[in-house]
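Summary of structural features
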Amino acid sequence: MPKKDCSNRIELMKGTLDMLILRTLLFGAANGHEIAKHIQRTTDDVLQVEHGSLYPALHRLERRGWVVSKWEIPKGGKREFKYYRLTPAGKKQLTAERSEWRRLVASIGRVMEPAGEG
Amino acid sequence: MGIRRRLKSWLSWFPWYRRRAREADLARELRDHLELEAEEQRAVGLTPDEAAHAARRALGNELQVEEDVRAAWGFMWVETLLQDFRYGLRMLRKSPGFAAIAILTLALGLAANTAIFSIVNGVLLRPLEFPHPSQLVTVELAVPQFARKFPVIPPNPASYVAWAHQAKSLAGIAAVEVGGSLNLTGRGEPALMNADSVSANLLDVLGVRLLLGRNFSEDADQPGRNHEVILTNALWRNRFHSNPGIIGHAIALNRIPYSVVGVLPASFHFFQGNQLMSVMGPTPKPELFVPEVFGKSDLAADAGFGIAAIARLRPGVSRAQATAELNVILSRLFRSQSFPLPYPTAVVTPLHGMIVRSSERGLWMLLAAVLAVMLIICVNLASLILTRAAAGEQEAAIRSALGASRGRLLRQTLAETLLLGLAGGALGLVLARWALWALLAMAPAGLPRLHNVRLDGVVLVFTLGISVLAGVAAGLLGAWRMARANPQDALRSASTRSTDRGAGLRAREAMVGIETALGAMLLIAAGLFLTSFAKLERAPKGFTVEHIVTLNLQLPSAEYTRREQRSEFWRRLLVTTAALPAVESSAVTSRLPPGGEIDDDPVNLPGDTRPIAERPFASYRYVSPGYFRTLEIPLVRGRRLTWADADTGAVVISANAAETIWPGLDPIGQKFDGDPGVLHVVGVVGDTRSVTLSKGPTPMVYALYGGGMTGSLIFRTRMPGAAVALELRRAIWRVDSSVAVPPVRTMGQIVSSSLAPRRFEMLLTSVFAVAALLLACLGIYGVVSYSVARRTHEIGIRMALGAQKMDVLGRVVGQGMMPALLGLGTGILVSLTLVRLLSSLLYGIKPTDPLIFGAVAAILCAVTLLACYVPARRAMRVDPMAALRQE
């Protein structure tokens with residue numbers, strides 16, 4: 001596979017993945033595995049998220065201050081897991097990314113399905 | 001908060017603890033993930049083993065994930081850097097032989113570089129140790145018509161006084177009359193002190209504060225008020241036992257009491273006369289300063305062009321502005337005294353540049369040479385790394401298949417070579433102390449500002465920079481190849497079996513080329529210097545050097561006020577010393593050869609209306625009749641001088657003076673206007689290099705030595721200098737016990753010290769060239785033998801297919817020689833353009849001398865041929881069967 005294509009895709013995925021993670025955490029704290037499963041379930045397994053790519057993304061978001069992490073014992077559980085939680089800054093970022101995403105989708109939509117065609 | 005937590009939060013201030021905590025955290029997080037995923041898979045119905053496997057598959061490359069997370073932490077680059085260095089250390093420990101050789105060669109190269117650079121730094125780069133040193137300048141004169149003979153001449157008292165009174169662009173200007181000497185008496189044996197007569201403001205212009213006492217009083221340059229003296233620190237320490245009570249006391253100089261007004265600090269270093277003045281021969285540094293007094297006759301506009309002028313520009317004034325103003329003042333002065341046109345103009349030179357002008361080029365050349373050696377060392381190291389990189393290609397491939405990025409592989413090699421460079425630098429600094437010590441011991445005494453040379457901060461930065469650069473350069477060359485390793489190719493084929501492939505081979509060939517080119521350049525420079533030095537040393541001087549002992553004397557002016565007294569002293573002295581059994585003959589002269597251009601003056605023929613500058617010039621010497629016999633200067637025509645010639649104007653001239661002044665005529669009996677009145681030629685003697693050894697013989701005019709205050713005695717003796725010195729001293733004190741007798745110098749020592757700068761350059765360049773040759777040779781040997789080792793299999797096949805041993809030999813040697821020959825060609829071409837820079841440092845040889853270039857080419861060819869032949873012979877001995885069986 002040509003190298004250039006490969007790097008392009010990763011670049012695209014990174015931003016998207018960050019947004020998906022933030023959106024998932026909007027429902028409340030979750031650990032890495034739960035986030036992975038949630039993304040997979042809600043997209044009906046269309047988006048195959050390689051679990052491994054989740055953790056670099058989570059640590060990156062944490063470093064930017066959009067999420068915080070804490071080791072907690074879940075309700076009814078027996079042992080600690082590392083839970084991630086959205087920060088106010090993370091919420092703001094999600095809003096920004098969502099509106100950016102909408103603009104992107106809308107503009108791509110206008111190209112793909114011009115109003116006249118319908 | 002529990003104690004453990006508190007401890008944790010306290011420990012978290014330490015980066016290493018935070019890192020370990022984070023690492024543990026990440027490992028646990030990933031382990032949790034895998035467990036949760038496996039649990040889920042088991043719930044779907046997989047066996048525990050299958051479930052664990054599926055969980056791993058879903059996670060992806062775990063090492064890669066960890067690396068990516070670490071990258072997300074951000075501060076990790078420090079961490080990975082440390083890791084890389086640890087890896088580098090591990091690699092070096094694994095191959096201690098390689099590390100030792102690399103560090104040692106780097107250290108030797110860096111030591112040489114550090115030592116040479118500290119000289120360049122101390123002499124050329126460090127500003128003069130006076131306040132605002134960039135404002136300090138020297139002022140000399142240029143006479144356009146003289147330009148061919150003398151680009152500049154020293155100013156005279158008249159111009160100095162005019163500048164001192166009128167120049168607004170100068171904060172101050174001081175006059176220095178260099179090279180004087182005074183008899184210090186009344187304290188044990190009389191001693192001859194080197195003394196500069198200076199204007200009272202010299203120390204103010206330089207901005208020097210005295211250690212003790214005060215500066216000269218302001219009217220100290222007035223006759224009768226000038227009996228003040230300022231001592232240098234060394235003289236005060238050695239002669240006056242650092243006694244502070246000396247201030248205000250009188251010491252006897254030439255038997256006149258001089259009041260000691262001040263003592264200079266140890267940090268004050270003045271200059272030799274030849275460093276301050278363009279036309280001056282070597283004169284020693286002063287040990288004391290006395291005020292200069294200009295008499296009425298000194299102040300004529302056309303008299304006394306022989307002082308040095310040091311000025312300080314006003315802040316903000318440029319040299320050009322100052323020059324313009326000084327020129328206006330000069331033309332006013334010369335017009336007022338109806339000096340013949342054209343008027344001299346001022347030449348303003350930065351003081352630092354003036355001081356170092358004669359050593360500058362040689363020092364830069366030496367730095368370039370030693371840097372070239374360093375470059376060869378780097379290339380050799382790079383070639384070693386490349387060889388090892390090729391051997392480690394599989395390891396690199398495996399690591400890159402496991403997820404190590406190319407950048408990381410490159411960084412690791414860089415870290416390794418950087419470690420080598422830094423280790424070499426550290427060891428090099430230790431060695432540099434000795435190297436510098438040795439260099440300073442052999443440095444010519446005339447090299448200015450040597451007291452400034454030390455391993456200081458700037459030198460350390462230079463060494464660190466060069467070590468890092470060497471490490472990076474060597475590493476980049478080697479790692480570049482490694483990072484290009486294609487994992488699949490390398491894994492598929494065992495690299496030792498392959499023939500040498502494109503990029504690696506080309507890189508190694510380029511290295512051989514660079515080494516040979518640099519080696520050729522250094523050898524050419526060394527060859528030129530060696531030949532030039534040998535020619536200069538063998539050049540006929542026109543006078544004998546062997547068995548000649550010399551002595552400079554100075555008469556005490558208080559007792560020898562009349563000329564007849566002085567003349568009587570010298571004659572008696574010559575008679576007394578000539579009677580000594582050890583002395584074969586003796587003579588006295590106004591200046592010992594090689595004495596510089598300071599005594600060059602025009603020969604004014606009767607009726608010659610040409611401007612002075614266009615008249616013939618000769619160097620004037622005053623000598624006793626025995627001078628020619630003592631120095632074995634042959635008589636060509638006429639007769640030698642006798643004591644009976646006193647005050648008759650009889651002179652003897654050199655053969656080349658006769659040819660240039662009276663071509664085709666009989667010089668005997670010719671008259672001309674010289675220094676003391678009308679002179680007439682009574683004899684012609686052989687040509688001599690009495691002015692400078694490095695130029696052809698100068699036309700000379702010898703007049704009879706009259707009654708000078710100073711004189712240089714010359715003795716021909718079969719005894720060693722030290723033995724005859726004692727006898728001479730006793731003889732001199734029999735004539736006058738108050739005359740200071742300085743240590744004798746043999747003519748051999750004088751000649752040798754005048755050749756010292758060239759010897760220094762020649763020796764060092766030769767050492768560097770030989771080092772370069774050896775290093776280049778080793779480099780070529782390494783490359784060729786590596787290539788042979790790698791191609792054992794291929795050579796085996798060729799031989800199995802019927803290739804003859806000689807074919808194999810020819811092929812290997814040819815492949816090794818090709819880049820070497822290309823490098824040689826390049827080196828010669830580059831040298832052809834660069835050697836022009838050396839022409840001012842050479843004597844009697846053109847910088848593009850074909851013989852030198854040819855010899856260097858031949859030497860390099862022979863040496864590289866040998867370096868290729870030894871490993872090639874190994875290739876010839878390859879047993880085809882053994883090579884094939886390796887498969």
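Residues numbered from 1 in each chain as written. Chains lettered and ligands numbered in written order. Predicted model: local features only at pLDDT ≥ 70, side-chain atom pairs only at ≥ 80, totals over all residues. Heavy atoms only, no water.

1. With respect to the overall build of chain B
Spelled out, the test is: Each helix is a run of DSSP H or I of at least 4 residues and each strand a run of E of at least 2, with the numbering of both proceeding from the N terminus. We compute the radius of gyration over the C-alpha atoms and compare it with the globule rule, which gives 2.2 Å times the number of residues raised to the power 0.38. Relative accessibility thresholds used throughout: buried, under 20% of the residue-type maximum; exposed, over 50%; partly exposed, between the two (1.4 Å probe, protein chains only). Residue contacts are counted whenever heavy atoms from the two residues lie within 4.5 Å of one another. Within this scheme the basic residues Lys and Arg register as positive and the acidic residues Asp and Glu register as negative, but His and the chain ends are omitted. Positions of charges follow a simple convention, taking NZ of Lys, CZ of Arg, CG of Asp or CD of Glu.
Counting its regular elements, chain B contains 26 helices and 21 strands. On C-alpha atoms alone, chain B measures out to a radius of gyration of 38 Å, which is more than a quarter above the 29 Å that the 2.2 N^0.38 rule sets for 887 residues. Here the C-alpha coordinates of chain B stretch approximately 130 × 85 × 55 Å along the principal axes. Sorting the 887 residues of chain B into buried and exposed places 52% on the buried side. Across chain B, contacts joining residues at least 24 apart in sequence account for 80% of those joining residues at least 6 apart. With 91 positive and 68 negative side-chain charges, chain B shows a separation of 3 Å between the mean positions of the two kinds.

2. Let's talk about the packing of aromatic side chains
Applied cut-off: Any pair of Phe, Tyr and Trp rings, taking the six-membered ring for Trp, is counted once the centres come within 6.5 Å. Such a pair is stacked with planes under 30 degrees apart, edge-to-face with planes over 60 apart, and tilted for the rest. Charge-over-ring placement is defined geometrically: NZ (Lys) or CZ (Arg) within 6 Å of the ring centre, and within 35 degrees of the ring normal.
On inspection of all chains with the given rule, the structure shows 16 aromatic pairs over all chains. Pairing Phe270 of chain B with Phe289 of chain B gives two aromatic rings, centres 5.2 Å apart and planes at 85°, and the pair type is edge-to-face. Residue Phe270 of chain B is found in the loop between strand S7 (256-263) and helix H10 (273-276), and its partner Phe289 of chain B is found in strand S8 (residues 288-291); the two are separated by 19 residues along the sequence. Phe270 of chain B sits in the buried class, given a relative accessible area of 5%. For the pair Tyr627 of chain B and Phe628 of chain B, a centre-to-centre distance of 5.7 Å together with 85° between the ring planes defines the contact as edge-to-face. In terms of burial, Tyr627 of chain B and Phe628 of chain B fall into one category: buried. Each residue in the set Phe130, Phe268, Phe270, Phe271 and Phe289 of chain B is aromatic and connected to the rest through ring pairs, giving one cluster. When the ring centre of Trp71 of chain A is taken as reference, the NZ or CZ atom of Arg28 of chain B above it lies at 3.7 Å.

3. Details of the side chain of Ser586 of chain B
All names here are of chain B. Test applied: Pairs of N or O atoms are called polar contacts if they sit within 3.5 Å, as long as, within protein, a hydrogen donor faces a hydrogen acceptor (for residues adjacent in sequence, only side-chain-to-side-chain pairs).
Within the fold, Ser586 resides in strand S12 (residues 583-589). Here the side chain of Ser586 touches Leu574 through a polar contact of 3.4 Å, landing on its backbone oxygen. Within the local environment of Ser586, its side chain forms a polar contact with the side chain of Thr577, the two groups lying 3.5 Å apart. Once you skip the residues sitting within four places of it in the chain, Ser586 turns out to touch Leu574, Thr577, Ala578, Gly626, Thr630, Ile714 and Phe715.

4. Thoughts on the side chain of His352 of chain B
By the secondary structure assignment, His352 of chain B is in helix H12 (residues 351-391). Once residues within four sequence positions are removed from consideration, His352 of chain B is found in contact with Val123, Leu124, Arg126, Pro127, Leu128 and Arg449 of chain B.

5. Observations concerning unusual backbone geometry
Residues and elements named next belong to chain B. The linkage connecting Pro593 with the following residue, Pro594, adopts the cis geometry, with an omega of -10°. Residues other than glycine seldom take positive phi values, yet His132 does so here, at roughly 45°. Along the chain, His132 turns up in the loop between helix H6 (96-125) and strand S1 (136-142). The exposed category is assigned to His132, whose relative accessible area is 54%. A positive phi angle, near 60°, is found at His547, a position not held by glycine.

6. Some thoughts on the pattern of salt bridges
Think of it this way: side chains of opposite charge can pair up when their charged atoms draw near. To keep things clear, this is the line we draw: What makes a salt bridge here is a side-chain nitrogen of Lys or Arg within 4 Å of a carboxyl oxygen of Asp or Glu, nothing more.
According to the stated counting rule, one finds 28 salt bridges over all chains in the structure shown. With a shortest N-O distance of 3.3 Å, Glu564 of chain B and Arg562 of chain B are connected by a salt bridge. Several salt bridges converge on common partners, so that one network encompasses Lys37 of chain A together with Glu37 and Glu40 of chain B.

7. Quick notes on the interface of chain B and chain A
A common way to state how big an interface is: give the accessible area lost once the parts meet. This is how the line gets drawn: Note: buried area is the sum, over both parts, of the accessible area (probe 1.4 Å) each one loses when the two are combined. Just so you know the grouping, Ala, Val, Leu, Ile, Met, Phe, Trp, Tyr, Cys and Pro go in nonpolar, Asp, Glu, Lys and Arg go in charged, and all remaining residues, Gly too, go in polar.
Every contact between the two is made by 20 residues of chain B and, on the other side, 19 residues of chain A. Each partner contributes to the roughly 1800 Å² buried at the junction of chain B and chain A, and carbon and sulfur atoms together form 54% of this total. Its largest share of buried area at the contact with chain A, chain B owes to Glu29, His33 and Leu36 of chain B, together 30% of the area lost on that side. On inspection of chain B and its partner chain A, the count reaches seven salt bridges. As a salt-bridge pair, Arg79 of chain A and Asp32 of chain B come within 2.3 Å of each other at their nearest N and O atoms. Linking chain B with chain A are twelve residue pairs in polar contact (both at pLDDT 80 or more), by the criterion used here. No other element matches helix H2 (residues 15-44) of chain B, which puts eleven residues into the side of chain B that touches chain A. In terms of residue class, the side of chain B that touches chain A is made up of nine nonpolar, three polar and eight charged.

8. A word on helix H4 (residues 88-112) of chain A
Put simply, the rule reads: Expected span of a helix, by definition, is 1.5 Å for each gap between consecutive residues, and there is one gap fewer than residues.
Over its 25 residues, H4 of chain A runs 36 Å from end to end, which matches the ideal 36 Å to within 8%, given 1.5 Å per residue. Of all the residues in H4 of chain A, the buried ones are Gly90, Leu94 and Glu97 of chain A.

9. Details of the environment of Phe117 of chain B
All names here are of chain B. Its place among the elements puts Phe117 in helix H6. Taking relative accessible area as the criterion, Phe117 reaches 9% and is therefore assigned buried. With 341 residues separating them in the primary sequence, Phe117 and Val458 have C-alpha atoms 9.6 Å apart. Non-local contacts of Phe117, meaning those with residues more than four positions away in its chain, are made with Leu125, Leu367, Val458, Val459 and Phe462.

10. Quick look at a nonpolar patch on the surface
Put simply, the rule reads: Patch membership needs two things, relative accessible area over 30% and no salt bridge, and members are linked within 9 Å if like-charged or within 5 Å if nonpolar (Val, Leu, Ile, Met, Phe, Trp, Tyr). In these tables, accessible area is a Shrake-Rupley quantity obtained with a 1.4 Å probe, and a residue counts as shielded only by the protein chains included in the view.
Side chains of Trp101, Leu104, Val105, Ile108, Val111 and Met112 of chain A sit close together on the surface and give an oily, nonpolar patch of about 590 Å² of accessible area. Along the polypeptide, Val111 of chain A turns up in helix H4.

11. A word on the packing of helix H2 (residues 32-42) of chain A against helix H3 (residues 51-64) of chain A
All names here are of chain A. Applied cut-off: Comment: axis = line fitted to C-alpha atoms, over the contacting stretch for helices; angle = value between 0 and 180 degrees taken between N-to-C directions. What sets the label is the angle itself: under 35 degrees gives roughly parallel, over 145 gives roughly antiparallel, 65 to 115 gives roughly perpendicular, and the rest give oblique. By definition, any crossing whose near helix is turned counterclockwise from its far helix by less than a right angle is left-handed, and any crossing with a clockwise turn is right-handed.
As a packed pair, H2 and H3 sit with axes 10 Å apart at the nearest point and diverge in direction by 120°. Classified by the angle their axes make, H2 and H3 are oblique. Read as a crossing pair, H2 and H3 show a hand that is right-handed. Two secondary-structure elements touch here, H2 through Gly32, His33, Ile35, Ala36, Lys37 and Gln40 and H3 through His51, Leu54, Tyr55 and Leu58. Tallied by class, residues from the contact of H2 with H3 come to five nonpolar, four polar and one charged.

12. Some details on the nonpolar core
Where a protein is soluble and globular, its nonpolar side chains tend to be buried together. Residue and element names in this part refer to chain B. As a reminder, the rule being used: Each nonpolar core is a collection of buried residues, namely Ala, Val, Leu, Ile, Met, Phe, Trp, Tyr and Cys, held together in the definition by side-chain atoms within 4.5 Å.
Counting 131 residues, the largest nonpolar core has Leu206, Phe270 and Leu276 as the members making the most contacts within it. Of all the elements, H12 adds the most residues to this core, at 20 residues. Apart from the residues within four sequence positions on either side, Phe270 is in contact with Val176, Asp196, Leu202, Leu206, Leu276, Lys285, Pro286, Phe289 and Ile310. The next biggest cluster of nonpolar side chains, apart from the first, holds 34 residues, and it includes Ala175, Val279, Ile329 and Ala346.

13. Regarding the packing of helix H24 (residues 805-834) of chain B against helix H25 (residues 850-876) of chain B
Residue and element names in this part refer to chain B. At a minimum axis separation of 8 Å, H24 and H25 run at an interaxial angle of 155°. Accordingly, the angle class assigned to the pair H24 and H25 is roughly antiparallel. Our pair here, H24 against H25, has a crossing hand that is right-handed. Classifying every residue of the contact of H24 with H25 by side-chain character gives 20 nonpolar, three polar and two charged.

14. Some remarks on the confidence of the model for chain A
All names here are of chain A. Counted only if it meets this: pLDDT measures how confident the predictor is about each residue, on a scale from 0 to 100.
With 79% of its residues at a pLDDT of 70 or more, chain A shows a mean pLDDT of 78. Per-element confidence in chain A is highest for strand S3 (residues 81-86), whose mean pLDDT is 90, and lowest for helix H1 (residues 3-25), whose mean pLDDT is 61. This stretch, residues 1-12, has a pLDDT under 50; its non-local contacts, to residues over four places away or in other chains, come to one contact.

15. Focus: the environment of Asp25 of chain B
Checked against the element boundaries, Asp25 of chain B lands in helix H2. A C-alpha to C-alpha distance of 76 Å links Asp25 of chain B and Ser278 of chain B, two positions 253 residues apart in sequence. With near-sequence residues (within four places) excluded, Asp25 of chain B lies in contact with Trp71 and Lys82 of chain A. One polar contact links Asp25 of chain B to Trp71 of chain A, side chain to side chain, over a distance of 2.8 Å.

16. Structural notes on the sheet that holds strand S1 (residues 30-31) of chain A
Residues and elements named next belong to chain A. This is how it is decided: The rule for pairing is simple: two strands pair if DSSP sees at least two bridges between them.
The antiparallel open sheet is built from three strands, whose spatial order is S1-S3-S2. Strands at the two margins of the open sheet, each flanked by one partner only, are S1 and strand S2 (67-72). Direction of pairing for S2 relative to S3: antiparallel, over a ladder of six bridges. Each residue of the ladder has a partner; that of Val68, found in S3, is Arg85. Contacting S2 and S3, H3 crosses the sheet at an angle of about 50° to S3.

17. Digging into the environment of Phe294 of chain B
Residues and elements named next belong to chain B. Positionally, Phe294 belongs in the loop between S8 and strand S9 (308-313). Its relative accessible area of 17% is what places Phe294 among the buried residues. Between the C-alpha atom of Phe294 and that of Gln222, which follows or precedes it by 72 residues, the distance is 8.0 Å. Residues contacting Phe294, with those up to four places away along its chain left out, are Pro157, Tyr160, Val161, Ala175, Leu299 and Ile307.

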